Amino acid sequence: MKQWTFGKQIGMGMILLFASGCLAAVLHNTIFLNLAWILYGLLFVIHPVYPEQAKFRYSEEGAQKIARMAGLICIAIGLITEFGV
């Protein structure tokens, strides 16, 4: 399996959020949006990818830490926020 790039992972996350948003709107249940944010965050915690430009500013380990922190922020959004549909 090919390695995912930053753009592919962002795109996959947007598709996940869009699909769960449609599902939440149809079923009138906001839990789908919360689960999507949690899954989106887990994508970055498990597989921390970063843009190519981050290599020039940070070390590889630093960029991975930042990507994991961003994933944790997405998980926090899913756990804390109550979306209204």
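Residues numbered from 1 in each chain as written. Predicted model: local features only at pLDDT ≥ 70, side-chain atom pairs only at ≥ 80, totals over all residues. Heavy atoms only, no water.

Draft legend 1. Representation of the packing of aromatic side chains within the structure. One pass over the structure, following the stated rule, counts 3 aromatic pairs. Taken together, a centroid distance of 6.2 Å and an interplanar angle of 75 degrees make the contact between Trp37 and Tyr40 edge-to-face. Within this pair, Trp37 and its partner Tyr40 are both found in helix H2 (residues 31-46), separated by 3 residues, close to a single helical turn. Measuring from ring centre to ring centre gives 5.7 Å for Tyr40 and Phe44, while their planes differ by 85 degrees; the resulting arrangement is edge-to-face. With Tyr40 and Phe44 both in helix H2 and 4 residues apart, the pair spans about one turn of that helix. Tyr40 sits in the buried class, given a relative accessible area of 6%. (Phe/Tyr/Trp six-rings, centres within 6.5 Å; stacked < 30°, edge-to-face > 60°. Helix = DSSP H or I, 4+ residues; strand = E, 2+ residues; numbered from the N terminus. Buried < 20%, exposed > 50% of the residue type's maximum accessible area, 1.4 Å probe, protein only.)

Draft legend 2. Expanded view of the nonpolar core. In this structure, Leu17, Ala36, Tyr40, Phe44, Val49, Ala67 and Cys74 together form the largest nonpolar core, which totals 7 residues. Counting only elements with at least two residues in this core, the list comes to H2 and helix H4 (60-80). With 3 residues, the top contributor of residues to this core is H2. Residue contacts for Tyr40: discarding those within four places in its chain leaves Gln9, Ile10, Gly13, Met14, Leu16, Leu17 and Cys74. (Core = buried A, V, L, I, M, F, W, Y, C linked by side-chain atoms within 4.5 Å. Contact = heavy atoms within 4.5 Å.)

Draft legend 3. Local environment of H4. Taking 1.5 Å of rise per residue, the 21 residues of H4 would be expected to cover 30 Å, and the 30 Å separating its terminal C-alpha atoms lies within 8% of that figure. Every buried residue belonging to H4 is among Ala63, Ala67, Gly71, Cys74, Ile75 and Gly78, and all of these are buried. An end-on view of H4 places all buried positions within 125 degrees of arc, on one side of the element. When the buried face of H4 is taken as reference, the exposed residues oriented beyond 90 degrees from it are Glu61, Lys65, Leu72, Ile73, Leu79 and Ile80. On its buried side, H4 packs onto H2 and helix H3 (54-57). (Expected span 1.5 Å × (residues − 1). Arc of directions from axis to C-beta.)

Draft legend 4. Molecular detail of the side chain of Ser20. Relative to the helices and strands, Ser20 resides in helix H1 (residues 6-27). Not counting the four nearest positions on each side in its chain, Ser20 is found in contact with Phe32, Leu33 and Ala36.

Draft legend 5. Focus on unusual backbone geometry. The phi torsion at His28 lies on the positive side, around 55 degrees, for a residue other than glycine. For His28, the location among the structural elements is in the loop between H1 and H2.

Draft legend 6. Representation of the packing of H1 against H2. Closest axis-to-axis distance for the H1/H2 pair is 8 Å, and the angle between their directions is 170 degrees. By the criterion of interaxial angle, the relationship of H1 to H2 is roughly antiparallel. Once H1 is placed against H2, the crossing between them reads as right-handed. Residues Phe6, Gln9, Ile10, Gly13, Met14, Leu16, Leu17, Ser20, Gly21, Leu23, Ala24 and Leu27 of H1 touch H2, and the partners they reach there are Phe32, Leu33, Ala36, Trp37, Leu39, Tyr40, Leu43 and Phe44. Grouping the amino acids of the contact of H1 with H2 by side-chain chemistry returns 16 nonpolar, 4 polar and no charged. (Axes fitted to C-alpha atoms, helices over the stretch in contact; angles between N-to-C directions. Parallel < 35°, antiparallel > 145°, perpendicular 65-115°, else oblique. Left-handed = near helix turned anticlockwise from the far one by under 90°. Nonpolar A, V, L, I, M, F, W, Y, C, P; charged D, E, K, R; others polar.)

None of this, on its own, says anything about what the molecule does.
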